[in-house]
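# Chains, contacts and geometry: an overview
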Amino acid sequence: MIPIASLLLVLAQAGSSVAGGAGGAWSSARPPECAPLDTGRASNVWERAKAPELRKYCDLLASGASKLAGSTAMAREVVAIADEADKLLPNKAAPLVLKGRAFAQLGQHTDAQKALADARARDDRALDDPHALFAWARVLARTGRTLEAADAYRALLPRASLLTLADRSAASIEAGVLAMARGAAGLDEAVPILRQAARDSQDVAQTVAVLALALALDRAGDRDEARALLAERIRGDARPTLGGARAKEMLGPAGALEIPALGALALEASDPAAAHAEWTHYLEVNAKGPWLEHARAHVAALAGKKGKKRP
């Protein structure tokens with residue numbers, strides 16, 4: 001029997017292949033309407049007549065996409081660039097995709113969600129581009145659409161090799177956390193995603209990915225592997241790292257609720273009292289959810305060890 005996580009990845013890959021079929025790959029920087037310029041020839045009368053406007057439109061999109069790799073201030077410029085491109089060639093999806101990605105980078109998630117949804121309404125393939133799909137998944141998670149966000153991440157992960165390493169890591173971590181938030185039914189999906197994230201990530205992302213994987217393993221009953229993973233890969237108190245802006249951004253809203261559990265699990269071997277306090281805090285901030293009994297079991301197991309701390 002094929003594991004559910006593997007099946008989901010295969011299906012997503014198939015969808016990606018179909019999406020990249022007859023019409024070619026969809027990119028917010030070089031969408032299909034820019035293809036005549038890429039080939040050096042306009043293929044019909046309309047394209048020849050509109051060539052100057054089309055060239056400026058395509059140059060604006062390329063400029064905007066390159067600026068998204070820069071600072072937040074540059075992302076603000078991209079909103080204006082996208083509006084200018086939209087006026088040059090109305091009713092195309094690419095300017096709205098660019099605008100949505102810029103809003104997402106600025107943390108304006110409601111505006112980003114609207115722009116990207118409007119882009120998809122103009123062209124149902126507008127979010128095929130991995131960068132657009134990553135922005136879409138993130139803004140869905142940050143506007144309370146967690147089930148849709150999980151679906152978007154399932155579609156994204158097979159194509160995530162086109163993202164930067166930092167974005168690939170962030171995508172895998174949030175996808176794994178969203179799967180785990182479904183409870184025991186999501187662990188078969190979460191564990192392989194987080195295992196890949198732990199292999200591929202660096203720096204802060206690697207710490208977060210390892211902790212999330214250990215938590216998923218522990219919740220799945222693979223406690224020995226979880227402890228061995230933590231002993232090998234985590235040094236010291238992970239709470240300062242988890243409390244940082246980068247870790248919180250990678251974990252997303254669903255993962256933010258898991259921060260006390262991630263810190264607690266890492267502390268159990270070295271500082272049971274601190275671990276007990278973190279598990280207790282987890283129960284305080286999570287009034288409902290699928291993992292409360294798991295947390296209570298850890299609190300009970302640590303109750304007799306609170307006075308001990310490994311030198």
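Along each chain, residues carry numbers from 1 onward, in the same order as the chain's sequence is written. With the structure being a predicted model, the display of local features is reserved for residues of pLDDT at least 70 and the display and counting of side-chain atom pairs for 80 or more, all residues being used for whole-chain, interface and lining totals. Only hydrogens and water are removed before side-chain values are computed, so all heavy atoms of the structure are retained for them.

## Regarding the overall build of the protein chain
How we decide: Here a strand is any run of E in DSSP of at least two residues, a helix any run of H or I of at least four, and the numbering for each starts at the N terminus. For the area figures, the Shrake-Rupley method with a 1.4 Å probe applies, and any residue is considered shielded solely by the protein chains shown.
Counting its secondary structure elements, the protein chain contains 18 helices and 0 strands. By element, 54% of the accessible surface of the protein chain is carried by carbon and sulfur atoms, the whole surface being about 14,900 Å².

## Looking at the packing of aromatic side chains
What counts is decided by this rule: By convention, a stacked pair of Phe, Tyr or Trp rings (six-membered ring in the case of Trp) has centres within 6.5 Å and planes under 30 degrees apart, an edge-to-face pair has planes over 60 apart, and any other such pair is tilted. Note on classification: 1.4 Å probe, protein chains only; a residue is buried when its accessible area is under 20% of the maximum for its type, exposed when over 50%, partly exposed between these limits.
Under the criterion given, the structure shown has 1 aromatic pair. Arranged with centres 6.1 Å apart and planes meeting at 80 degrees, the rings of W279 and Y282 form a pair that is edge-to-face. Of the two residues, W279 and Y282 are both situated in helix 17 (residues 272-285); the distance of 3 residues between them amounts to about one turn of the helix. Comparing W279 with Y282 shows no difference in burial state: the two are buried.

## A short note on the nonpolar core
Note on soluble globular proteins: their nonpolar side chains tend to be buried together. Just so we agree on the cut-off: The definition of a nonpolar core used throughout is a set of buried Ala, Val, Leu, Ile, Met, Phe, Trp, Tyr and Cys residues joined through side-chain atoms within 4.5 Å. It only takes one pair of heavy atoms within 4.5 Å for two residues to be counted as in contact.
By size, the foremost hydrophobic cluster in this structure holds 97 residues, and its most contacted members are Y57, I173 and W279. For this core, the leading source of residues is helix 12 (residues 203-219), giving 11 residues. Aside from chain neighbours lying at most four places away, what touches W279 is L215, A261, A264, L265, E268, H294, A295, H298, V299 and L302.

## With respect to the packing of helix 6 (residues 94-105) against helix 7 (residues 109-122)
To keep it simple, the criterion reads: What counts as an axis is a line fitted to C-alpha atoms, over the stretch in contact for a helix, and the angles between N-to-C directions run from 0 to 180 degrees. By definition in this entry, angles of less than 35 degrees are roughly parallel, angles greater than 145 are roughly antiparallel, angles of 65 to 115 are roughly perpendicular, and the rest are oblique. Note: crossing handedness is left-handed where the near helix turns anticlockwise from the far helix by less than a right angle, and right-handed where it turns clockwise. Each residue is assigned to one class: nonpolar for Ala, Val, Leu, Ile, Met, Phe, Trp, Tyr, Cys and Pro, charged for Asp, Glu, Lys and Arg, and polar for all the others, Gly among them.
Helix 7 packs onto helix 6 with a crossing angle of 160 degrees between their chain directions and a minimal axis gap of 8 Å. By the angle class used here, helix 6 and helix 7 are roughly antiparallel. For the element pair helix 6 and helix 7, the recorded crossing hand is left-handed. On helix 7, the residues that touch L96, V97, K99, G100, R101, F103 and A104 of helix 6 are H109, D111, A112, A115, L116, D118, A119 and R122. Looking at the contact of helix 6 with helix 7 residue by residue, the classes come out as 8 nonpolar, 2 polar and 5 charged.

## Overview of the pattern of salt bridges
Operational definition: Definition used for salt bridges: Asp or Glu carboxyl oxygen within 4 Å of a side-chain nitrogen of Lys or Arg.
A complete count under the given rule lists 18 salt bridges for this structure. D83 is the salt-bridge partner of K99, the closest N and O atoms lying 2.8 Å from each other. Of this pair, K99 sits in helix 6 while D83 sits in helix 5 (residues 72-88); the two residues are 16 residues apart in sequence, bridging distant segments of the chain. What makes D83 partly exposed here is its relative accessible area of 29%. Put simply, R154 and E189 hold a salt bridge, and the shortest N to O gap is 2.9 Å.

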